[in-house]
Amino acid sequence: MPAPLSSTKTASALRTAARVSAESLLVLLMAAVALWILGRMWSVVWPLIVALFLTTMTWPLAHFLRRLGWAPALAAAVVTVLFLVAVAGIVALIAVPVASQSGELADGVVEGIQKLREWAAGPPLNIGDDQISKGFDAAVARVQDSVGSMVTTVVTGVSTVFNGLVTAVLALFLMFFFLKDGPRFLPWLTRQLPGRLATDVPVVVERGWDTLGAFVRSQAFVGLLDAVFIGLGLWFLDVPLVLPLAVLTFVSAFVPIVGALFAGLVAVLIALVSNGLTDALLVLAIIVVVQQLEGNVFQPMIQSRGLGLHAAVVLLAVTLGGSLAGIVGSLLAVPAAALVAVVWNYVREQLAGPPREPDAEEPTAEGPNADGSGTGEPHTTAVPS
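Residues numbered from 1 in each chain as written. Predicted model: local features only at pLDDT ≥ 70, side-chain atom pairs only at ≥ 80, totals over all residues. Heavy atoms only, no water.

K.L.:
Describe the overall build of the protein chain, listing the residues and the values that go with them.
P.N.:
When helices and strands are tallied, the protein chain shows 12 helices and zero strands. Ordered by position in the sequence, the α and β elements of the protein chain form the string α-α-α-α-α-α-α-α-α-α-α-α. Put simply, the protein chain has 385 residues, and 25% of those count as buried. Expressed as a percentage of contacts within the protein chain between residues at least 6 apart in sequence, the contacts between residues at least 24 apart total 63%. (Helix = DSSP H or I, 4+ residues; strand = E, 2+ residues; numbered from the N terminus. Buried < 20%, exposed > 50% of the residue type's maximum accessible area, 1.4 Å probe, protein only. Contact = heavy atoms within 4.5 Å.)

This is the structure we're talking about:
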């Protein structure tokens, strides 16, 4: 017959569960308040985050120039100008070949549309020209009926582009100041904080900076893998504009999900209008395979190694971030999870108790000595902390 429950132990367990639940709710409430404040300040926080990403990419060059004896302002200015030149070069590398072959691409688009109409007119669809005309007229009528919503969409798009430009300019200025005055931030922060915070916060900030740099480097490496493999596939199929498409693939890798879809769609459309449907399907297959390898193999493995996160944690973080905040959430999910891990590991280090002393009287599992007498001194082993 099982022993009856102890009323004292049960009450103690319930009190402990109630206390832990109340403390957890309080922590979640404070986290919700912090996220709400972050959302209200997003117009300032988002350029700051972008500037931090840009600074992690450009800081190694600035640090090298400072070690050569350059003044901090001069090194930051030169690196900022070189970054702008690199961005302009990437844009030119994409735009110039596209502009030079725009006539051929336009002819290919017209030819592709004509082929699509001929294919639709045959079996099994058997769509005639009159049906296509009716469908076109219906589409025009629907567009005319939704002019108001289209104007609203255009205004929203213009506002989004303007906000993006403001964010880019502000992030660029912040990057310059971070490159110029970044090394003085931690000493300044140490002087501003009282007591133990003057030690703990700078350590966490320094570790977080290293983690953010690891994220940017791993993301750049993943984008390079995408660009190389997809570029080789396009080159093998003799698709035009291979180099611009590879550069576009590399740049778009920094924008999860949508960036890959956009670069893949552009590559498939160019293959369709230039090489035909078969090569377009092959390009689509190559992109799908590479993206699946990148999303499920390369990215989790590389980021988990560089950030100290398990591959499953990376996948779950991206999924959760995308469901909560869309593209921005997907972009920030992995570095945010890595920063949380940095804070958690530091807190564990500070809360860990002293290591247990080895017990001098504790024998090993072997029992007697090697000679079988069992009369010698027992061999002891330290218990890991």
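K.L.:
Can you explain the packing of helix 8 (residues 197–236) against helix 9 (residues 242–252)? Please cite residues and give values.
P.N.:
To characterise two packed helices, one gives the angle between the axes of the helices and the distance between these axes. Interhelical geometry of helix 8 versus helix 9 gives an angle of 155° and a closest axis separation of 8 Å. Classified by the angle their axes make, helix 8 and helix 9 are roughly antiparallel. For the element pair helix 8 and helix 9, the recorded crossing hand is right-handed. Of the residues in helix 9, those touching helix 8 at Ala220, Gly223, Leu224, Asp226, Ala227, Ile230, Gly231, Leu234 and Trp235 are Val242, Leu245, Ala246, Thr249 and Phe250. (Axes fitted to C-alpha atoms, helices over the stretch in contact; angles between N-to-C directions. Parallel < 35°, antiparallel > 145°, perpendicular 65-115°, else oblique. Left-handed = near helix turned anticlockwise from the far one by under 90°.)

K.L.:
Requested: an account of the nonpolar core, with residues and values cited.
P.N.:
With 14 residues, the main nonpolar core has Leu234, Val239, Leu245, Ala267, Val283 and Ile287 as its most contacted residues. Looking at this core, the elements with two or more residues in it are helix 8, helix 10 (258–275) and helix 11 (277–307). Sequence-distant contacts of Ala267, defined by excluding residues within four places in its chain, comprise Leu234, Leu245, Val283 and Ile287. (Core = buried A, V, L, I, M, F, W, Y, C linked by side-chain atoms within 4.5 Å.)

K.L.:
Could you give an account of the pattern of salt bridges, with specific residues and numbers?
P.N.:
Counted according to the given criterion, the structure contains five salt bridges. As a salt-bridge pair, Arg19 and Glu23 come within 3.9 Å of each other at their nearest N and O atoms. Pair noted here: Arg19 and Glu23 are both in helix 1 (residues 7–40), with a separation of four residues, about one helical turn. Judged by relative accessible area, which is 46%, Glu23 ranks as partly exposed. In this structure, Arg196 engages Asp200 in a salt bridge whose closest nitrogen and oxygen atoms are separated by 3.0 Å. Under the relative-accessibility criterion, Asp200 is labelled buried at 16%. (Salt bridge = Lys/Arg side-chain N within 4 Å of Asp/Glu carboxyl O.)

K.L.:
Can you tell me about the packing of aromatic side chains, naming the residues and giving the values?
P.N.:
Here the structure, examined in full by the defined rule, presents three aromatic pairs. Aromatic pair Trp42 and Trp46: ring centres 5.7 Å apart, planes at 15°, arrangement stacked. Placement of both Trp42 and Trp46 in helix 2 (residues 42–67) is noted, with a separation of four residues, approximately one turn of the helix. Accessibility expressed as a relative area gives 29% for Trp42, which makes it partly exposed. Centroid distance Phe176 to Phe177: 5.4 Å. Interplanar angle 65°. Geometry classified as edge-to-face. Its relative accessible area of 21% is what places Phe176 among the partly exposed residues. Phe177 sits in the partly exposed class, given a relative accessible area of 42%. (Phe/Tyr/Trp six-rings, centres within 6.5 Å; stacked < 30°, edge-to-face > 60°.)

K.L.:
Summarise the environment of Asn275; cite the residues concerned and give the values.
P.N.:
Positionally, Asn275 belongs in helix 10. Distance from Asn275 to Val239, taken between C-alpha atoms, is 6.8 Å for residues 36 residues apart in sequence. Those residues in contact with Asn275 that lie beyond four places of it in its chain are Leu237, Asp238, Val239, Pro240 and Ile270.

K.L.:
So what's going on with the packing of helix 7 (residues 185–192) against helix 8? Which residues, and what values?
P.N.:
Two numbers describe how helix 7 lies on helix 8: the axes approach to 8 Å, and their chain directions differ by 155°. Of the possible angle classes, the one that applies to helix 7 and helix 8 is roughly antiparallel. Relative to helix 8, helix 7 is oriented so that their crossing is right-handed. For the pair helix 7 and helix 8, contact is made by Phe185, Leu186, Leu189 and Thr190 and by Ala198, Val201, Pro202, Val205 and Glu206, respectively.

K.L.:
Now, about the side chain of Thr55: what can you tell me, with residues and values included?
P.N.:
With respect to the element layout, Thr55 can be found in helix 2. Engagement of the side chain of Thr55 in a polar contact is seen with the backbone oxygen of Ala51, the distance being 2.6 Å. Not counting residues within four places of it along the chain, the set of residues in contact with Thr55 comprises Met175, Phe178, Leu179 and Trp209. (Polar contact = N/O pair within 3.5 Å; in protein donor to acceptor, adjacent residues only side chain to side chain.)

Such coordinate-based values are descriptive only and should not be taken to indicate function.
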